[in-house]
Amino acid sequence: MKNLITILLLSVSITMLSQRIYTEGIPIQTDIKSFEISLDESLFLTPKIENPKNDLGPYIAAKTYLSNLTESDVQWTNVNGVMVGTIALAIEKSTSINVLLTDVQFPEQTLLFLKTDVGFEGPYSAKNINNLRFAHFPILTDNLTLHFELPSGDEDNLKFKVSEINASFNNALKDGACNIASVCDEANNYRKAQKSTVIISVNGSGFCTGTLVNNTSRDFTPYIITAQHCLGGASDLSDWTFAFNYEAKSCASSNLSNNKKISLRGADVVAQNAKSDFALLLLREDLGPNDSVHFAGWDKKEAPSSRQHVYHHPNGALKRFSLNNNAVTATTYLESNAPPYVWKIDKWEEGTTEGGSSGSSLMNDEGQIVGTLVGGEASCNNLNASDYFGRMDVGFQLNDDWNLTLSPWLDPNQGNYDTIDGRDYPYQSLPNTDLAIRHIYNIPSVSCDGLYSPQILVKNVGKNSVGGYSLNIAVAGQTSWVPVENIKTLQPGESFQYTFEERLLPSGDAHFTIQLNTANDAYLKNNTGYVKSEVLDGAQTIVMSVTVDDYGSENSWDIFNQNGDVVASGGPYPNDKEGTTYEKEFCLETECYVLKFKDSYGDGMCCDYGDGSFELRYANGTVIANGYDGPTNILGDPEEQVETICITASGINEGNLKEFHISPNPVISGQKVTISGFNEFQDFKVFSLEGKLISSHIGSTFNVPNAKGVYILKTNGFTPKRLVVQ
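This one's a predicted model, so the numbers in the text were calculated from it and none came from an experiment. (Residues numbered from 1 in each chain as written. Predicted model: local features only at pLDDT ≥ 70, side-chain atom pairs only at ≥ 80, totals over all residues. Heavy atoms only, no water.)

J.: Explain the packing of aromatic side chains to me, please; I cannot follow it from the model alone.
T.: Each aromatic ring pair is described using two quantities: the centre-to-centre distance and the angle formed by the ring planes. Applying the stated rule across the entire model yields 23 aromatic pairs. With centroids separated by 4.6 Å and ring planes inclined at 45 degrees, the aromatic side chains of W298 and F396 adopt a geometry described as tilted. Of the two residues, W298 sits in strand β21 (residues 297-299) while F396 sits in the loop between α1 (392-395) and α2 (407-410), which places them 98 residues apart along the sequence. The same class applies to W298 and to F396, which are both buried. Relative to F512, the ring of Y452 has its centre 5.2 Å away and its plane inclined at 55 degrees; by these criteria the two rings are tilted. Residue Y452 is found in strand β33 (residues 451-452), and its partner F512 is found in strand β39 (residues 508-518); the two are separated by 60 residues along the sequence. A relative accessible area of 0% places Y452 in the buried class. Three or more aromatic residues joined by ring pairs make a cluster, and in this case those are F106, F148 and F160. (Phe/Tyr/Trp six-rings, centres within 6.5 Å; stacked < 30°, edge-to-face > 60°. Helix = DSSP H or I, 4+ residues; strand = E, 2+ residues; numbered from the N terminus. Buried < 20%, exposed > 50% of the residue type's maximum accessible area, 1.4 Å probe, protein only.)

J.: Could you clarify how one ought to interpret the layout of surface pockets in this entry?
T.: A probe as big as a water molecule, rolled over the atoms, marks out the empty space that is left. The volume enclosed by the second largest pocket comes to roughly 1,100 Å³. As for the second largest pocket, its lining consists of 34 residues, of which E121, G122, Y124, K260 and K261 are closest to the centre. When residues of the lining of the second largest pocket are assigned to their parent elements, the largest contribution, 5 residues, is made by strand β9 (residues 120-124). Among the residues making up the lining of the second largest pocket, the classes are represented as 13 nonpolar, 13 polar and 8 charged. (1 Å grid on protein atoms, 1.4 Å probe; cavity = no way out; pocket = protein on both sides within 12 Å on 5 of 7 lines; lining within 4 Å. Points joined across faces, edges and corners; volume = space filled by probe spheres on them. Nonpolar A, V, L, I, M, F, W, Y, C, P; charged D, E, K, R; others polar.)

J.: Can you walk me through the sheet that holds strand β46 (residues 613-618) in this structure?
T.: Backbone hydrogen bonds hold the strands of a sheet together, and the pairing may be parallel or antiparallel. Pairing is antiparallel across the open sheet formed by 4 strands, whose spatial order is β44-β41-β46-β47. The open sheet has two edge strands, β44 (581-588) and β47 (623-627), and neither has a second partner. Taken over all neighbouring pairs, the strand axes of this sheet differ in orientation by 15 degrees on average, direction set aside. Bridge count between strand β41 (residues 540-547) and β44: 8 bridges; the pairing is antiparallel. Along β44, the bridge assignment pairs S545 with E583. (Pairing = 2+ DSSP bridges. Axes fitted to C-alpha atoms, helices over the stretch in contact; angles between N-to-C directions.)

J.: What am I meant to see in empty space enclosed by the protein here?
T.: Inspection of the entire model under this criterion finds 2 cavities of 30 Å³ or more. What the largest cavity holds in volume is close to 60 Å³. As for the largest cavity, its lining consists of N98, V99, L100, A135, H136, E164, N166, S201, N203, G204, D239 and T241. Elements represented by at least two residues in the lining of the largest cavity include exactly β7 (94-105), β12 (159-169) and β17 (237-244). Tallied by class, residues from the lining of the largest cavity come to 3 nonpolar, 7 polar and 2 charged. Estimated volume of the second largest cavity: approximately 40 Å³. If you trace the second largest cavity, you find it lined by I225, S276, F278, T372, G390, R391, M392, G395 and L406. For the lining of the second largest cavity, the elements supplying multiple residues, two or more each, are β28 (387-391) and α1. Broken down by class, the residue content of the lining of the second largest cavity amounts to 4 nonpolar, 4 polar and 1 charged.

The values reported here are purely geometric and, on their own, carry no functional implication.
If you want it as structure tokens, here you go:
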């Protein structure tokens, strides 16, 4: 048989079965004889990864055909003023089909239904378009019709291209026989979080598992936790789709349940970390008011319960259940000398996991997440093998880079809770009054200069508007910020961010307490936040600048102190961003460290895949270390560049902090003083002894404050000085 496509354009006959209202959500029923596409399976692109439970990327279950169909291929008929148009696909021996539409422009009131010979999904509209693209979750079928409806006269304004047709064949979506359907009796005692599990379709051809997860604000923000390796280095998740309630009709059935499958499109990566292999995603589409799902709680204690279970989608199949009746152990995975960042399941007592299970959540008896599936050898062909789950407590480890930790997203008010319970959605009885601290910004765990200007995001998660509330920030042993009151009336679901004035705190520990107060608040746990920071005396602000090649996912770096602890880290970075520079600022004390810059493939950052490099420098621009622009620059291990670096107080790799002088000092209030020791372009700030910012200046002279007292002058690279105003 020749490898070609045969498209038969046939006549279209439309039969109206009944009069209907245009927006009622049911497609106009037609007797479609459109065109049929017959594809030889060899024309589809061959997947690169067959079973990546232990590899980078999702489980690949579908093949891709690059299509050139457009809106010009739609066959139109006018039905009582509604234009109905169709493109029909039939792919022999396929077990699932999905399409990707690009360059999408839907005129107002356009509806799209996805029809098979047994039913339909939709309608979809312009609100379901992400970045001019429309993706949908694969449908278990060998035929699919794109069914458009829009007002007469608008059909010429409909624009799209069917860029990809993805199809699964043979047993690609078939899991092992030992797997247990989620609706079977074995799962009866573990159903609290069953509805939180989601199957993820990665670009229409790959699969992973994820979990809808709760946060301490309890505001139903749709975060999905899955495995970082499912990203495969991707940063744009516009074509990812997420399906809830994707499970069997019964324990013995292989058919999809009649319960409504909930499918959402597109997500953004808010945090990821290779240590415990987690990725936290934020869905771009909201859940519907009647969608029945569960936001799972979590447990970040260092020793989870002695029994755990997992819901997952092996090989992209319907939801399955597995059970472990023994305690897990903390260990490493694939890297023998790494810290114990994962939980090990020695063997499953019930069920197993397979490719496509990656990213599923290990849960305790309360349905709280304790880990996410990293990998392992367990399968129906290897029932005595082990599996490994990235530890939830490791994912919560604090990091000033919010992209590397779960903490600011799942514990946004930083209440430092070890556990929180899950929550069903929709929640039938929202409290009348419930304000929540949604995020705390600008309080780093370590500060070089002691300057803080906290920002607090408050959200109304109750069902009534709230106007009478106040915010206060206190630091143990220090003068509190001035409280703010009645900032803005918040409607249900509305947020407001308040920025407090900048303050200078002395060196040492700084324990912040953020308090939100309002009358009759029904839930007080989300009203208080705690943040610990430290002002380092004489420390330096350091910048790591990484310019990536085409494979940024291969690059990461760590800086270790003399005790072997990681004090700063970054990466991996997105793929296909050659030439893009990523910078991160952090604070290091004046001592020596070990820098390890890693290229996991071991081929450097140059040549055939673009030119990349890194540079570690002080904030003043002085370079501390650089390199990795090619394989010849690698030191030692072919996958790593290792260097010893020493941070000095001056930021110029030698000497101490420089001195400046104030004259006269003391000085009469309102008079001018002259500063010697730095140039006319140096900027500096004047603070009260309580840390309140009084004024900012550039140059070598300024008028002192009118109020008598003692003030502190501070500027980067110089020892702070006291100024006495008489």
